[in-house]
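# Per-entry structural report
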Amino acid sequence: MSERNRELDAPLDLLPDLREQMAAEDRSWRRVRSWATPARRTAALVLIFALELVVLVATPRLDLAAYPIPRLLAALLVLLATATLAIRLFAHPLHVHAPRIARLRSVGAILLLLPIAFALLPAPHHEVQIHPESFEGIGADFVPRALGCLVFGTLVAIPTLLFLLATNRRPYVNPERIVLAATAGGIAGTIALLLHCPLVGVAHRFAGHGGVGLAAVALLAAAMYFKHARQKISRTA
Amino acid sequence: MLAGSVPDVNLRAAAMTRPVAMTKSATWHAESTSGALSDTALMRAYVAGDQDAFTELFSRFGGVVLGRMRRTVGRSTARDLTQQTFLQFHRARRDFHDGSDVRPWLMMIARNVLRDHLRHAARRPGGSPLLDEPVAANAPPDAAEARAAVLRAVDNLPESQRVVVRQHWLEHRSHAQIARDLGVSRGAVKVRAHRAYQTLRLVLDAQGFGDA
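Counting from 1, residues in each chain are numbered in the order their sequence is written. Written order determines the labels here, with chains lettered from A and ligands numbered from 1. A pLDDT threshold of at least 70 governs which residues receive local features in this predicted model, and a stricter bar of 80 or more applies before side-chain atom pairs are shown or counted, although totals over entire chains, interfaces and linings include all residues. Only hydrogens and water are set aside; all other atoms, that is, all heavy atoms of the structure, feed into the side-chain values.

### Here's the deal with the overall build of chain A
Note on conventions: DSSP H or I runs of at least 4 residues are helices, E runs of at least 2 residues are strands, and numbering of each starts at the N terminus. For chain A, the count of helices and strands is 8 helices and 0 strands. Written out in order from the N terminus, the α and β elements of chain A read α-α-α-α-α-α-α-α. Each residue's exposure class comes from its accessible area (1.4 Å probe, protein chains only) as a fraction of the maximum for that residue type: buried when under 20%, exposed when over 50%, partly exposed otherwise. For chain A, the residues scored as buried account for 47% of the 237 residues in total. A contact between two residues is defined here by any heavy atoms of the two lying within 4.5 Å. Within chain A, residue pairs in contact and separated by at least 24 positions form 84% of the contacts whose partners lie at least 6 positions apart. Here, Shrake-Rupley sampling with a 1.4 Å probe gives the accessible areas, and only protein chains in the shown set may cover a residue. For chain A, the accessible surface area stands at approximately 11,900 Å², while carbon and sulfur atoms represent 71% of it.

### A word on the overall build of chain B
Tallying secondary structure elements over chain B gives 11 helices and 0 strands in all. N-terminal to C-terminal, the α/β element order of chain B is α-α-α-α-α-α-α-α-α-α-α. When the 212 residues of chain B are sorted by exposure, 47% land in the buried category. For chain B, long-range pairs separated by at least 24 residues make up 51% of all intrachain contacts whose partners lie at least 6 apart in sequence. Total accessible area computed for chain B in this model is approximately 9,900 Å², and 54% of it derives from carbon and sulfur atoms.

### What about the pattern of salt bridges?
All names here are of chain A. The term salt bridge refers to a pairing of a side-chain nitrogen on Lys or Arg with a carboxyl oxygen on Asp or Glu at a separation within 4 Å. On inspection of all chains with the given rule, the structure shows 12 salt bridges over all chains. One salt bridge in this structure joins Glu25 and Arg33, with 3.7 Å as the shortest N-O distance. Per residue, the accessibility class of Glu25 equals that of Arg33, and both read buried. Across the pair Arg145 and Asp141 runs a salt bridge whose closest N-O atoms are separated by 3.8 Å. Residue Arg145 is classed as partly exposed on the basis of its relative accessible area, which comes to 27%.

### Here we look at the packing of aromatic side chains
Two aromatic rings are characterised by how far apart their centres lie and by the angle between their planes. The criterion for an aromatic pair is that two Phe, Tyr or Trp rings (for Trp, the six-membered ring) have centres within 6.5 Å, with stacked assigned to planes under 30 degrees apart, edge-to-face to planes over 60 apart and tilted to the rest. Within this structure, the stated rule accounts for 11 aromatic pairs over all chains. Measuring from ring centre to ring centre gives 5.2 Å for Tyr46(B) and Phe54(B), while their planes differ by 40°; the resulting arrangement is tilted. In this structure, Tyr46(B) and Phe54(B) share a single accessibility class: buried. Centre to centre, the rings of Phe89(B) and Trp105(B) are 5.6 Å apart; their planes meet at 65°, and the pair counts as edge-to-face. In this pair, Phe89(B) is assigned in helix H6 (residues 75–91) and Trp105(B) in helix H7 (residues 102–123), connecting sequence segments 16 residues apart. In terms of burial, Phe89(B) and Trp105(B) fall into one category: buried. Ring pairs connect the aromatic residues Tyr46(B), Phe54(B), Phe58(B), Phe86(B), Phe89(B), Phe96(B) and Trp105(B), which therefore count as one cluster. Placement of a positive charge over a ring is assigned whenever Lys NZ or Arg CZ falls within 6 Å of the ring centre and within 35 degrees of the normal to the ring plane. The ring of Trp29(A) carries Arg30(A) above its face, with NZ or CZ at 5.7 Å from the centroid. A cation over a ring is seen here: Arg177(A) above Phe90(A), with NZ or CZ 4.5 Å from the ring centre.

### Comments concerning the packing of helix H1 (residues 15–27) of chain A against helix H5 (residues 51–70) of chain B
Their axes nearest at 12 Å, the elements H1(A) and H5(B) cross at an angle of 135°. With respect to each other, H1(A) and H5(B) are oriented oblique. When you trace H1(A) past H5(B), the crossing you get is right-handed. Contact residues: H1(A) offers Leu15(A), Leu18(A), Arg19(A) and Met22(A), while H5(B) offers Gln51(B), Asp52(B), Phe54(B), Thr55(B) and Phe58(B). Only C-alpha atoms enter the line fits that serve as axes; for helices the fit covers just the stretch in contact. Angles between N-to-C directions range over 0 to 180 degrees. Small angles under 35 degrees read as roughly parallel and large ones over 145 as roughly antiparallel, with 65 to 115 read as roughly perpendicular and the rest as oblique. Each crossing is labelled by how the near helix is turned from the far one, with a counterclockwise turn of less than a right angle marking it left-handed and a clockwise turn marking it right-handed.

### Regarding the interface of chain A and chain B
Between chain A and chain B, the contact holds 41 residues from the first and 50 residues from the second. When the two sides are added together, the surface that chain A and chain B hide from each other amounts to roughly 4,200 Å², 53% of it contributed by carbon and sulfur. Counting the contacts that link chain A with chain B gives 4 salt bridges. In this structure, Arg79(B) engages Asp13(A) in a salt bridge whose closest nitrogen and oxygen atoms are separated by 2.4 Å. Throughout this description, a polar contact denotes any pair of N or O atoms lying within 3.5 Å of each other; where both atoms belong to protein, one of them has to be capable of donating a hydrogen while the other can accept it, and for residues adjacent in sequence the pair is counted only when both atoms sit in side chains. Run the count over chain A and chain B and you get 15 residue pairs in polar contact (both at pLDDT 80 or more). At the level of secondary structure, the elements contributing two or more residues to the side of chain A that touches chain B comprise H1, helix H2 (37–58), helix H4 (101–119) and helix H6 (175–196) of chain A. In terms of residues, the side of chain A that touches chain B owes the most to one element, H1(A), which gives 9 residues. Under the grouping applied here, Gly and all other residues not named as nonpolar or charged are polar, the nonpolar ones being Ala, Val, Leu, Ile, Met, Phe, Trp, Tyr, Cys and Pro and the charged ones Asp, Glu, Lys and Arg. Class assignment for the residues of the side of chain A that touches chain B results in 19 nonpolar, 6 polar and 16 charged. A 1.4 Å probe defines the accessible area here, and the buried area is the portion of it lost by two parts on being joined, summed over both.

### Digging into the environment of Glu52(A)
All names here are of chain A. Within the element layout of this structure, Glu52 appears in helix H2. Residue Glu52 is classed as buried on the basis of its relative accessible area, which comes to 7%. Between the alpha carbons of Glu52 and Val156 there is a distance of 8.6 Å; along the sequence they are 104 residues apart. Among all residues touching Glu52, those that are not within four sequence positions of it are Ala188, Ile191, Ala192 and Leu195.

### Some points on helix H3 (residues 69–90) of chain A
All names here are of chain A. Its 22 residues place the ends of H3 31 Å apart at the C-alpha level, agreeing with the 32 Å of an ideal helix rising 1.5 Å per residue. Inspection of H3 places Leu72, Ala75, Leu76, Leu79, Leu80, Thr82, Ala83, Ala86, Ile87, Leu89 and Phe90 among the buried residues, and these make up the whole buried set. Contact partners of the buried residues in H3: H2, H4, helix H5 (142–166) and H6. A helix's residues, less one, multiplied by 1.5 Å, set its expected span.

### Focus on the confidence of the model for chain A
Interpretation of this model should avoid reading the predicted coordinates in detail wherever pLDDT is low. Each residue carries a pLDDT score, the predictor's confidence in it, ranging from 0 to 100. This prediction gives chain A a mean pLDDT of 88; 96% of its residues lie at or above 70. Per-element averaging of pLDDT across chain A places helix H8 (residues 212–236) of chain A at the bottom with 84 and H2(A) at the top with 95.

Put into structure tokens, the structure is as follows:
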């Protein structure tokens, strides 16, 4: 009977190497991969909450009193719900059927488009007399202010993105899951901007807030490209 | 060894004479004395930190997982995927629901590991992500055949040499990195690589792939 069709003996010679890998993993930061799935998901959400709390306490938006509370709550709720969905799909346990690629793609696309859709909503208030700072960021000031928001949001996105990647158990991370991690981070950055930036202009929000998810994806793609390029150079050297 | 069979006697004896293990997995060892070891009890002991329980689980299910992999991929890749499955098993151990069956739980992990592997391989046309290198689109027609012969020859090398060749030649890792991973000296890695290449040269010459 061929080896392919019979019951095989356990490859016990793999055990020493396997044990070594397990021990090395349990000794390093990679032990987060061995956290139970609910713990990994909860930790990612707690991280997002903690980041937003720091932003809210340290640098709250100056026009918070004028911002319509129902709209603010609805935006937070929708953004957090989508971030939770992304985290749930990314930190998926391996002992159940993996989510379909089409589902990962749709959720990734929703997470990328959602901040853009929010940015295109009309200005939340028009109180130029009480909060003149909300109507800055136009003309020559447009690019620096939009860029500032994009950088701020991306910086807030990075911890979530890195944490999610650190909890990844699978040997191969497919592009859809990478995009999910990046967009979950992007949502964290978008929420931070919602709680921090007082500018209400649609153009500013579109350029500075809407693209945080895209910036996080681009950042991750660039990091991976440079990693591969460095490996290629070290191979040829 | 088949699932549910009695474990290795030496392993059981060693585990039972170890006081630390006794405290970690009282359930397993209590059942050991009666000779009725269940997979679930072993899993419980393993989740509690008993590494001997992992060894026993591996000896029970390692062959089943390897057999599953062998039905789909080559020998060397099947072994890699079996190892990967048990690494995932280790990472996922806290997700195991006490009282569930271990075998279907593990086999689902194996299935997902295999699926991830195949999906990844499909995205790199002409190559397996763990072992193979893609063939260039403009390569001559016999290049694929030569490549297959080389990979077959690598597959048939002794384990200690195969690991070195695979990591150095196909995964482009340095001798120092491999030595560190395997816990041996750099010189030992070089000797293994040298012997492996001698063997490969002989085998491939005999098959008419002297220039491969």
